[in-house]
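Listed below, chain by chain, are the residues.
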Amino acid sequence: MQIIDGKAVAAKLRGEIKQQVAKLGSQPGLAVVLVGNDPASEVYVRNKLKACEEVGMKSFLVRLEADSSFQKVANAIGQLNANADVHGIIVQLPLPKHLDENALIDLISPEKDVDGCTALQKGRLWTGRDSLVACTPYGVMELLKHYDISLEGKRAVVIGRSNLVGKPLAQLLMNANCTVTVCHSRTRDLGEITRSADIVCVAIGKAKFLKADMVKEGAMVVDVGMDRDENGKLCGDVDFAEVAPKCSFITPVPGGVGPMTVTMLIKNTLNAYIACFKQK
Ligand code: NAP
């Protein structure tokens, strides 16, 4: 069994991005729109801004009050779309309940959509074309690539069908020639399905949900979850202690998929910057 070291892969990728940025004529810029002051979002945003700084990119934080109107948030996105120093825009989710998340996200210029969440970028991914891919699933694929894990013809099961993680991950695995099954909260006989999988990816937000009797011997397990256990300690959706001994490869939490997400955000920002100059 091999434990996948997401921290090391992320550090390597960030080093490469930093070198690439240093060779550019100007700085790529990432803008984050934060509406309200949800404590978890504050931490995620801080990490994103810090990552930009570390690799020599510019970052912009647009803070808006929790009770901001749709129009106010839309105007902020419009200004960032028009700002030539900004190559990537991310609207930190979740947004306050009164705001229409999908409608606001679709206002981001697709070429600056570095979390691959606009309908256009998703459509490009769905149709197998080059696209800016949602950072977490993109990070999962980079991890698999880094460890030279062959995907061709493998049976993959993705548990979770969110727009940000489960669905794009399933699509990426399918684009990589896996045979993919997507499961969710209404799936019947989940264990039967996961036991048939060569690769099980779990993204549901339920601490230690995947147990040893749900995976076959030698399976590869990717844990996207970021949960708290009964003692308040960070853990994933996989019961690591039980499941790891049965696996060929497994991603731990912390230190697996997590460090890759912000790394892929800065990678997407660099890609958006490069594409922007190719167009000119
Ligand atoms: P989400 O939007 O809440 O979606 C959860 C998905 O899990 C839904 O599709 C839901 O099914 C499914 N689900 C819930 N309970 C289930 C069950 N008992 N059996 C089977 N499926 C079940 O969550 P998300 O945004 O995708 O995030 C999932 C997890 O990944 C969370 O722990 C989150 O913190 C973590 N995450 C980590 C990163 C990272 O950087 N590592 C990034 C993003 C998210 P229905 O569709 O039927 O409701």
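The structure under discussion appears in the preceding block.
Residues numbered from 1 in each chain as written. Predicted model: local features only at pLDDT ≥ 70, side-chain atom pairs only at ≥ 80, totals over all residues. Heavy atoms only, no water.

Student: Kindly report on the sheet that holds strand β11 (residues 247-250), identifying the contributing residues and their values.
Tutor: Pairing in this open sheet of six strands is parallel, and the strands run β1-β11-β8-β7-β5-β6 from one edge to the other. A strand with exactly one partner marks an edge of an open sheet, and here the two such strands are β1 (2-3) and β6 (179-183). Pairing of strand β8 (residues 219-223) with β11 involves three bridges; the strand directions are parallel. Residue Met220 lies in a different strand from β11, and its bridge partner there is Phe249. Packed onto the sheet, helix α7 (residues 166-175) meets β5 (155-159), β6 and β7 (199-202) and runs at close to 170 degrees relative to β5. (Pairing = 2+ DSSP bridges. Helix = DSSP H or I, 4+ residues; strand = E, 2+ residues; numbered from the N terminus. Contact = heavy atoms within 4.5 Å. Axes fitted to C-alpha atoms, helices over the stretch in contact; angles between N-to-C directions.)

Student: Explain the pairing of strand β3 (residues 58-64) residue by residue, including any values.
Tutor: As paired elements, strand β2 (residues 29-35) and β3 share seven bridges and run parallel to each other. From the neighbouring strand, Val35 faces β3, where its bridge partner is Leu64. In terms of handedness, the path from β2 via helix α2 (residues 39-55) over to β3 forms a crossover that is right-handed. (Right-handed = clockwise from strand over helix to strand, strands pointing away.)

Student: Go over the packing of aromatic side chains with me, naming the residues and quoting the values.
Tutor: One pass over the structure, following the stated rule, counts one aromatic pair. Residues Tyr147 and Phe249 carry aromatic rings whose centres are separated by 6.3 Å and whose planes lie at 75 degrees to one another, so their mutual orientation is edge-to-face. Within this pair, whereas Tyr147 is found in the loop between α6 (135-146) and β5, its partner Phe249 is found in strand β11, the two being separated by 102 residues in sequence. (Phe/Tyr/Trp six-rings, centres within 6.5 Å; stacked < 30°, edge-to-face > 60°.)

Student: Give me the lowdown on the packing of helix α1 (residues 6-22) against α6, citing residues and values where you can.
Tutor: When two helices pack together, their arrangement is given by the angle between the helix axes and by the axis-to-axis distance. With their axes 11 Å apart at the nearest point, α1 and α6 run at an angle of 95 degrees to one another. Looking at the two axes, α1 sits roughly perpendicular to α6. Facing Gly6, Val9, Lys12 and Leu13 of α1, the residues of α6 in contact are Glu142, Leu143 and His146. Of the residues contributing to the contact of α1 with α6, the split by class is three nonpolar, two polar and two charged. (Parallel < 35°, antiparallel > 145°, perpendicular 65-115°, else oblique. Nonpolar A, V, L, I, M, F, W, Y, C, P; charged D, E, K, R; others polar.)

Student: Which residues make up unusual backbone geometry, and what are the values?
Tutor: Residue Pro94 is bonded to the preceding Leu93 through a cis peptide linkage, with omega at 0 degrees. For Pro94, the location among the structural elements is in the loop between β4 (88-91) and α4 (101-105). Cis geometry marks the peptide bond from Val253 to Pro254, where omega comes out at 0 degrees. Secondary-structure assignment places Pro254 in the loop between β11 and α10 (258-279). In this structure, Asn177 takes a positive phi of about 70 degrees despite not being glycine. Structurally, Asn177 can be placed in the loop between α7 and β6. Look at Asp189: it is not a glycine, yet its phi comes out positive at around 50 degrees. Note that Asp189 resides in the loop between β6 and α8 (190-194). On the accessibility criterion, Asp189 (53% relative accessible area) is exposed. (Buried < 20%, exposed > 50% of the residue type's maximum accessible area, 1.4 Å probe, protein only.)

Student: Got a sec to walk through the pattern of salt bridges? Specific residues and values, please.
Tutor: Side-chain pairs of opposite charge can arise whenever the charged atoms involved come near each other. Across all of its chains, the model carries eight salt bridges by this definition. For Glu16, the salt bridge identified is with Lys12, shortest N-O distance 3.0 Å. Of the two residues, Glu16 and Lys12 are both situated in helix α1; the distance of four residues between them amounts to about one turn of the helix. In this structure Lys12 comes out as partly exposed when scored by relative accessible area, which is 45%. One salt bridge connects Lys211 with Asp239, and the closest N-O pair in it is separated by 2.9 Å. One end of the pair, Lys211, is in the loop between β7 and β8; the other, Asp239, is in the loop between β10 (234-235) and α9 (240-243), and 28 residues separate them in sequence. (Salt bridge = Lys/Arg side-chain N within 4 Å of Asp/Glu carboxyl O.)

Student: Outline the pairing of β11, supporting the account with residue identities and numerical values.
Tutor: Relative to β11, β1 runs parallel, the two sharing two bridges. By the bridge assignment, Ile3 is partnered in β11 with Ile250.

Functional significance is not addressed by these values, which are geometric in nature.
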